[in-house]
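# Topology and contacts: notes
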Amino acid sequence: MTDAITGERLLGRSKRRPYYIRAPRYDRRSAGSLTLYSLCHALNRLGEDAFMVLTTPGYAGSGPSHLNAPFLTREVADLHFEQGRVPIIVSPEAIAFGDDSGLRVLYALNYPGFAGGARAVPASADVVVAYAANIAKALERCDGVLFLPVSEPDYWTPAPVEAPRNGDCAYLGKRLSLHKTGLPDGLEVERVITRETARPEVLRILRVSRVLHVFENTALAAEALLCGCPVACHFNETFPNLIAEQELGLDGVVLDPTDLNSVTQAEATVGRFRARYLSSIATVPDQVRNFIAMTQGAVPRYKPSAHSRCRSYRERPRSIAGPNGSSS
């Protein structure tokens, strides 16, 4: 970004397109939520104007205090329109594009058709970006990959004093909350983690367990590996592989839980995962800069008109919180 552009931004006269990132209310337990709010934060840190557009009806709370991810207000949206700044609307695959005009960016966080997402790339998407290389391969068209590792390596660490690990644990996640099922027949574990398990308790479990069993793609897998706990993958129709295996590798991962040699190999390599994870974090600034260049330079199919300015944001003027958490 040139000094002239930077100066314009500092004086509140930026001509660059703002980013409107559509997402439900913030949920620390959701990797998708963390990714979308973290993208907004990263864009703002790199000098862009980025805002969250809530898709949770009636919610007037605040966003995460540790991220620069302000909620879009009607006043801000109207100002952008008056300035002729056509927004870049970023939406994950599970949230359909509205009828707002702007550059429409599909940010595919999961495989097509998974977790309630669209089975095909919407024709209205101007730019398509995948969260990981494996997702990109599954899309009929994709313009790039933007991998944002959202787990906190300073929090998810091995125990300060390592002790022998004993007993396995399992994460039931969607298996319990959506499918109302428990552990598969024949699998016995000493500890169970669900979406309701408190974060400190999850950390404690991952620090003492021998292996974590997972049945879906989840950020908890990376968090377990950061804690030094190998992860056993029970692949199924909705869990064909690890989404980020190309970005993070397979150190510490058990691909066949019935193979004792695979478990032994995972125990021997899990210590290498942290370095790979930290390396992936180091690539984030350049990845986001590439995303900015791609989207700022793209041409939207739908031009704004006097009747299409941020219509969906006007529908809930009292349910959208401002940057300080107050309702607008």
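If you're wondering where the values come from, they're calculated on a predicted model, not measured in any experiment. (Residues numbered from 1 in each chain as written. Predicted model: local features only at pLDDT ≥ 70, side-chain atom pairs only at ≥ 80, totals over all residues. Heavy atoms only, no water.)

Here the distance between the centres and the angle between the planes together describe a pair of aromatic rings. A full pass over the atoms with the stated rule returns 6 aromatic pairs. Aromatic side chains tyrosine 26 and tyrosine 37 sit 5.2 Å apart centroid to centroid with 75° between the ring planes, which places their arrangement in the edge-to-face category. Pair noted here: tyrosine 26 is in the loop between β1 (19–23) and α2 (31–45) and tyrosine 37 is in helix α2, with a separation of 11 residues, a long-range link. Accessibility classification places tyrosine 26 together with tyrosine 37 in one group, the buried group. With a centroid separation of 5.0 Å and an interplanar angle of 85°, the aromatic rings of tyrosine 155 and tryptophan 156 are classed as edge-to-face. A relative accessible area of 23% means that tyrosine 155 is categorised as partly exposed. Its guanidinium or amino end placed over the ring of tyrosine 155, arginine 199 lies 4.0 Å from that ring's centre, counting from NZ or CZ. (Phe/Tyr/Trp six-rings, centres within 6.5 Å; stacked < 30°, edge-to-face > 60°. Helix = DSSP H or I, 4+ residues; strand = E, 2+ residues; numbered from the N terminus. Buried < 20%, exposed > 50% of the residue type's maximum accessible area, 1.4 Å probe, protein only. Lys NZ or Arg CZ within 6 Å of the ring centre and 35° of its normal.)

The next thing to look at is the sheet that holds strand β2 (residues 50–54). The parallel open sheet is built from 6 strands, whose spatial order is β2-β1-β3-β4-β5-β6. Looking at strand neighbours, the two that pair on one side only are β2 and β6 (144–145), the edges of this open sheet. Direction of pairing for strand β4 (residues 103–108) relative to strand β5 (residues 127–130): parallel, over a ladder of 4 bridges. Counted as the bridge partner of leucine 106 is valine 128 from β5. Its contacts with the sheet place helix α11 (residues 284–296) against β1, β3 (88–92), β4, β5 and β6, and it is angled at close to 110° to β1. (Pairing = 2+ DSSP bridges. Contact = heavy atoms within 4.5 Å. Axes fitted to C-alpha atoms, helices over the stretch in contact; angles between N-to-C directions.)

Bringing a nonpolar patch on the surface into the picture now. Taken together, the side chains of Phe235, Leu250 and Leu255 define a hydrophobic patch exposed on the protein surface, amounting to about 240 Å² of accessible area. If you trace the backbone, leucine 255 turns up in the loop between β11 (253–254) and α9 (260–269). (Patch = residues over 30% accessible without salt bridge, like charges linked within 9 Å, V, L, I, M, F, W, Y side chains within 5 Å. Areas by Shrake-Rupley, 256 points an atom, 1.4 Å probe, with all protein chains shown as cover. Salt bridge = Lys/Arg side-chain N within 4 Å of Asp/Glu carboxyl O.)

A full pass over the atoms with the stated rule returns 13 salt bridges. Across the salt bridge formed by arginine 28 and glutamate 152, the nearest N and O atoms sit 3.8 Å from each other. Placement of the pair is arginine 28 in the loop between β1 and α2 and glutamate 152 in the loop between β6 and β7 (169–171), with a sequence separation of 124 residues. Across the salt bridge formed by arginine 29 and glutamate 196, the nearest N and O atoms sit 3.3 Å from each other. Of the two residues, arginine 29 sits in the loop between β1 and α2 while glutamate 196 sits in the loop between β8 (191–193) and α6 (199–208), which places them 167 residues apart along the sequence.

In terms of burial, β2 is a largely internal element, 5 of the 5 residues being buried. Of the two faces of β2, the one carrying Ala50, Met52 and Leu54 and the one carrying Phe51 and Val53 are both buried. Relative to β2, β1 is paired through 5 bridges, and the arrangement is parallel. Of the residues in β2, the one forming a bridge with alanine 23 is leucine 54. For the crossover that starts at β1, traverses α2 and ends in the parallel β2, the hand is right-handed. (Right-handed = clockwise from strand over helix to strand, strands pointing away.)

Turning to its location among the elements, serine 91 is positioned in strand β3. On the accessibility criterion, serine 91 (0% relative accessible area) is buried. Put simply, serine 91 and valine 105 are 14 residues apart on the chain and 6.3 Å apart in space, counted from C-alpha to C-alpha. If we ignore the near neighbours within four places in the chain, the residues touching serine 91 are Arg22, Ala96, Phe97, Val105, Leu106 and Tyr107.

Read these as layout, nothing more, since geometry by itself doesn't imply function.
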